[in-house]
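# Fold and contact review
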Amino acid sequence: MGEGNVEETVALADSDSVPVGSEKEQPLNSVHGAPKWSPFDWFRMLAEELHWSFVYGVVAVYGISQGLGGSIWRVGSDYYWKDVQQVQPSAAQFYQGITSIPWMIKPIWGLLTDVVPVAGYRRRPYFILSGILGVISMLTLSLHSKLHVAFALLAMICFMAGAAISDVTIDALGAQNSITHPTLAPDVQSLMGLSSSIGSLIGFSISGLLVHAIGSQGVLGLLSIPAILVLSVGLLLKEDASPSCSVKQVFDNFREATMTMWETLKLPQVWRPCFYMFLSLALSLNIQEGMFYWYTDTSKGLSFSEGSVGLIFAIGSVGSLLGVILYQNILKDYPFRGLLFWSQLLLSLSGMLDLVLVLRLNLKLGMPNYFFAVIDEGVSQLVNRLKWMPILVLSAKLCPPGIEGTFFALVMSIENVGLLTSSWGGGLLLHVLRVTRSEFSNLWAAILIRNLMRLVPLLFLFLVPKSDHNSTILPAEMLEQNNVLEPNMMPLQRDDIEMASLAEERASNLPEEIERNEDDSELVSLVGNT
């Protein structure tokens with residue numbers, strides 16, 4: 001949620017990626033090479049092959065919790081900071097960054113779900129924990145009318161922690177099913193991406209109307225419903241009990257995984273692109289809260305209603321989906337460096353649309369404010385997605401064999417730190433320029449500085465390899481290693497429980513992975529954003 005959790009809802013499928021020398025496997029949901037286009041047949045096939053509880057888990061986590069709930073969260077939390085806590089835009093920007101911290105420690109959640117069974121189970125208890133955190137935190141925000149800022153922030157962090165835990169756990173199940181049912185790997189990734197996309201579109205479409213009808217606190221209280229569904233996944237999921245393991249084995253597993261990740265991170269082929277990805281995100285200052293306050297201000301802003309704001313974000317999510325389609329069908333075979341150059345340049349140029357809107361230059365062109373704001377958001381999300389897609393693929397290619405899932409989470413965490421830096425840097429910029437709840441005279445300067453800062457990462461493009469998604473980046477000797485943690489993980493049946501192919505699947509199966517939070521944005525950022 002937010003750009004920080006931005007990462008995270010993207011699930012891409014490209015069934016053309018097969019090992020060299022092997023025939024392309026025929027998907028199970030086709031007859032004589034002709035795919036079944038009925039979604040009901042497709043869902044039934046997945047439920048029969050992978051068990052209905054897994055399909056339910058994907059829909060609950062990706063579709064309802066992250067997709068629907070994440071979009072409602074973005075709008076509801078913005079109005080909560082503005083109307084209930086009545087903080088300044090710079091403070092809201094700072095707080096939104098803090099709430100993305102649980103997404104930065106995703107490797108810890110990944111290691112826990114992989115190597116620390118609870119009551120004999122490795123997945124079910126973590127879904128239950130995630131649901132409990134979500135229900136308690138959202139009901140606290142909803143029912144307490146005068147909650148102190150610090151406790152409100154703590155509740156939001158707990159909510160984000162629950163979201164990050166369920167995200168890692170369902171990803172682990174997806175990777176496990178991709179290993180045991182290789183012909184269904186693209187279908188698994190497509191199910192995740194489809195659920196997230198549909199959920200986001202519905203969520204953004206109704207989020208503003210819900211805020212108008214029951215207020216931001218009421219909307220946050222409704223988010224306890226997706227959390228209950230996540231909790232129910234833990235109760236209904238079909239999972240075999242895991243063999244018990246000693247505390248010493250658990251510590252050995254953690255130590256071995258940590259050492260492998262550190263050795264990999266020290267390689268120039270790995271840390272150089274990681275550093276660039278951090279810079280490209282951190283230097284793109286996030287001033288979203290300043291824009292949101294200006295959108296909704298009734299005296300000096302655009303005076304957009306809650307429903308109008310939700311619709312703007314909904315159309316923006318369509319732009320993001322178009323970015324995925326454009327990348328998948330046209331741009332994915334181009335070298336990383338060229339893609340990142342043009343996407344970073346377009347990101348700076350598209351940011352000038354905000355400047356046109358704030359200076360009301362669109363009115364001189366005969367374009368109403370709301371119509372131009374919709375275009376602005378759609379273009380912005382499309383360009384952001386074009387930038388994010390090659391970063392995702394590049395991140396996946398940096399993962400060593402045996403701990404792909406955990407290392408992918410580590411790389412995503414580095415990028416989430418970049419999103420946090422962007423959020424806090426944007427908040428500081430708004431504070432220095434005295435952009436407040438009712439004063440926006442310097443908002444144009446913040447937009448201009450942000451757009452100029454987006455050009456700085458172009459100076460560091462030499463850190464990115466010139467190769468494309470078909471090339472290998474890690475040394476050959478490292479790629480030849482398999483199941484790095486196998487000796488220590490034998491008591492836990494590592495080949496069944498590790499997130500071994502999560503990152504590789506997301507690199508080779510690329511159709512429609514839509515954070516978070518990120519924004520955080522992101523969640524990521526969203527987280528996010530973020």
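Worth saying up front: this structure is predicted, and the values here are computed from it rather than measured.

Quick look at the packing of helix α1 (residues 39-50) against helix α2 (residues 52-84) now. Direction vectors running N to C along α1 and α2 enclose 120°, while the axes themselves pass 6 Å from each other. Classified by the angle their axes make, α1 and α2 are oblique. Counted together, F43, L46, A47 and L50 of α1 and W52, F54, V55 and V59 of α2 form the full contact between these two elements. Looking at the contact of α1 with α2, its residues break down into eight nonpolar, no polar and no charged.

Inspection of every chain in the model, using the stated rule, returns six salt bridges. R44 is the salt-bridge partner of D41, the closest N and O atoms lying 2.6 Å from each other. Here D41 and its partner R44 are both found in helix α1, three residues apart, which amounts to about one turn of the helix. On the basis of relative accessibility, which here comes to 25%, the residue D41 falls in the partly exposed class. On the basis of relative accessible area, R44 is assigned to the partly exposed category, the value being 44%. Among the ionic pairs, R450 bridges to D354, the shortest N-O distance being 3.0 Å. Of this pair, R450 sits in helix α19 (residues 443-453) while D354 is found in helix α15 (residues 352-358), placing the two residues 96 residues apart along the sequence. For D354, a relative accessible area of 11% corresponds to the buried category.

The geometry of a pair of packed helices is captured by two quantities: the angle between their axes and the separation between those axes. As a packed pair, α2 and helix α12 (residues 288-296) sit with axes 11 Å apart at the nearest point and diverge in direction by 75°. As judged from the angle between their axes, α2 and α12 are roughly perpendicular. Residues R74, D78, Y79, W81 and K82 of α2 form the contact with α12, whose participating residues are Q288, E289, F292, Y293 and T296. The class makeup of the residues in the contact of α2 with α12 is four nonpolar, two polar and four charged.

Moving on to the packing of aromatic side chains. The final tally for this structure, using the stated rule, is 13 aromatic pairs. Pairing F94 with W424 gives two aromatic rings, centres 4.9 Å apart and planes at 25°, and the pair type is stacked. Taken together, the positions of F94 in helix α3 (residues 89-98) and W424 in helix α18 (residues 404-432) put the pair 330 residues apart, joining distant regions of the chain. For W424, a relative accessible area of 33% corresponds to the partly exposed category. Ring pairs connect the aromatic residues Y80, W81, F94, Y95 and W424, which therefore count as one cluster. When the ring centre of F313 is taken as reference, the NZ or CZ atom of R74 above it lies at 3.9 Å. The side chain of R124 reaches across the aromatic face of Y121, ending 5.0 Å from its centre.

Parameters at a glance
Residues numbered from 1 in each chain as written. Predicted model: local features only at pLDDT ≥ 70, side-chain atom pairs only at ≥ 80, totals over all residues. Heavy atoms only, no water. Axes fitted to C-alpha atoms, helices over the stretch in contact; angles between N-to-C directions. Helix = DSSP H or I, 4+ residues; strand = E, 2+ residues; numbered from the N terminus. Parallel < 35°, antiparallel > 145°, perpendicular 65-115°, else oblique. Contact = heavy atoms within 4.5 Å. Nonpolar A, V, L, I, M, F, W, Y, C, P; charged D, E, K, R; others polar. Salt bridge = Lys/Arg side-chain N within 4 Å of Asp/Glu carboxyl O. Buried < 20%, exposed > 50% of the residue type's maximum accessible area, 1.4 Å probe, protein only. Phe/Tyr/Trp six-rings, centres within 6.5 Å; stacked < 30°, edge-to-face > 60°. Lys NZ or Arg CZ within 6 Å of the ring centre and 35° of its normal.

Function cannot be read off these values alone, since they describe shape.
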